[in-house]
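An overview of the molecular structure
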Amino acid sequence: MALFHGKFIDTGFSLPFYKHILNKPVGLKDLESIDPEFYNSLIWVKENNIEECGLEMYFSVDKEILGEIKSHALKPNGSNILVTEENKEEYIRMVAEWRLSRDVEEQTQAFFEGFNEILPQQYLQYFDAKELEVLSCGMQEIDLNDWQRHAIYRHYARTSKQIM
């Protein structure tokens, strides 16, 4: 509604969420901006031999919902599939995807339905995530020097009274 009425939103969403709005793929690197600690732990898993460390991980994740811990399989029978050196890349990809997407899929889908009623997906195809963020939230800080360096003057000059 803010976009529809030409109002800027004081606070925005995460960059991966804008990618979701645009139907663009998200990956491990996107997780860094949302949860740096979790991202670093996945990078550690990626860079180290988990079998030598004795880590026993499976293709499932646990999530606490209202004080109750629920397990979610990342793939069929995932709670019985051990993560090994051979399949850890797949595990990292799947757990990052789950954390960025499926963890809040129901809420995200409801948002998208409402958002696309106001601004259909076809109009968004020309934007990237950063541009959509600027469109909806505006610039947090304006770099006046950058603005002056890149301004294109038509019928005016940099020193015109109106510009000054």
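Given the structure is predicted, the values throughout are model-derived calculations rather than measurements. (Residues numbered from 1 in each chain as written. Predicted model: local features only at pLDDT ≥ 70, side-chain atom pairs only at ≥ 80, totals over all residues. Heavy atoms only, no water.)

Time to look at the overall build of the protein. Of the regular secondary structure elements, the protein holds nine helices and two strands. Compactness check: the protein gives a C-alpha radius of gyration of 22 Å against a globular reference of 15 Å for 164 residues, more than 25% above the reference. The principal-axis extent of the C-alpha atoms belonging to the protein is close to 70 × 35 × 30 Å. Out of the 164 residues in the protein, the part that is buried amounts to 27%. Partitioning the contacts of the protein with sequence separation of at least 6, the portion at a separation of at least 24 is 60%. Taken as a whole, the protein presents about 12,000 Å² of accessible surface, with 52% of it coming from carbon and sulfur. Computing the positive centroid from 17 side-chain charges and the negative centroid from 28, the protein places the two 10 Å apart. (Helix = DSSP H or I, 4+ residues; strand = E, 2+ residues; numbered from the N terminus. Rg over C-alpha atoms; globule rule 2.2 N^0.38 Å. Buried < 20%, exposed > 50% of the residue type's maximum accessible area, 1.4 Å probe, protein only. Contact = heavy atoms within 4.5 Å. Areas by Shrake-Rupley, 256 points an atom, 1.4 Å probe, with all protein chains shown as cover. Lys, Arg positive; Asp, Glu negative; His and termini not counted. Charge placed at Lys NZ, Arg CZ, Asp CG, Glu CD.)

Right, let's get into the pattern of salt bridges. Should the charged atoms of two oppositely charged side chains come close, the side chains can pair. Throughout the structure, instances matching the rule amount to six salt bridges. With a closest N to O distance of 2.9 Å, Asp 30 and Lys 19 form a salt bridge. On the criterion of sequence distance, the pair formed by Asp 30 in helix α2 (residues 28–34) and Lys 19 in helix α1 (residues 15–21) is long-range, its members being eleven residues apart. A relative accessible area of 13% means that Asp 30 is categorised as buried. Among the salt bridges present, the one from Lys 88 reaches Glu 85, with a minimum N-O distance of 3.1 Å. Looking at Lys 88, the relative accessible area reads 6%, which means it is buried. Residue classification places Glu 85 among the partly exposed residues on the basis of a relative accessible area of 24%. (Salt bridge = Lys/Arg side-chain N within 4 Å of Asp/Glu carboxyl O.)

Moving on to the pairing of strand β2 (residues 68–73). Sheet topology places strand β1 (residues 60–65) next to β2; six bridges connect them, and they run antiparallel. Opposite Ile 65, over in β2, you have Glu 68 as the bridge partner. (Pairing = 2+ DSSP bridges.)

This brings us to helix α6 (residues 105–118). Taking 1.5 Å per residue as the helical rise, α6 with its 14 residues ought to reach 20 Å, and the 20 Å between its terminal C-alpha atoms agrees with that figure. Where α6 is buried, its residues meet α1 and α7 (121–124). (Expected span 1.5 Å × (residues − 1).)

Moving on: the environment of Gly 78. One can find Gly 78 in the loop between β2 and α5 (88–100). Separated by 13 residues in sequence, Gly 78 and Tyr 91 place their C-alpha atoms 9.9 Å apart. Once residues lying within four places of it in the same chain are set aside, the contact partners of Gly 78 are Tyr 58, Phe 59, Ser 60 and Ala 73.

Counting residues in each nonpolar core, the largest one holds 19 residues, and the members touching the most others are Leu 28, Leu 31, Leu 42, Leu 74 and Tyr 91. Those elements that place two or more of their residues in this core are α2, α3 (36–47) and α5. Here this core takes seven residues from α5, the largest share from any one element. If you look at the next biggest cluster of nonpolar residues, it comprises ten residues, including Phe 112, Phe 115, Ala 129 and Cys 137. (Core = buried A, V, L, I, M, F, W, Y, C linked by side-chain atoms within 4.5 Å.)

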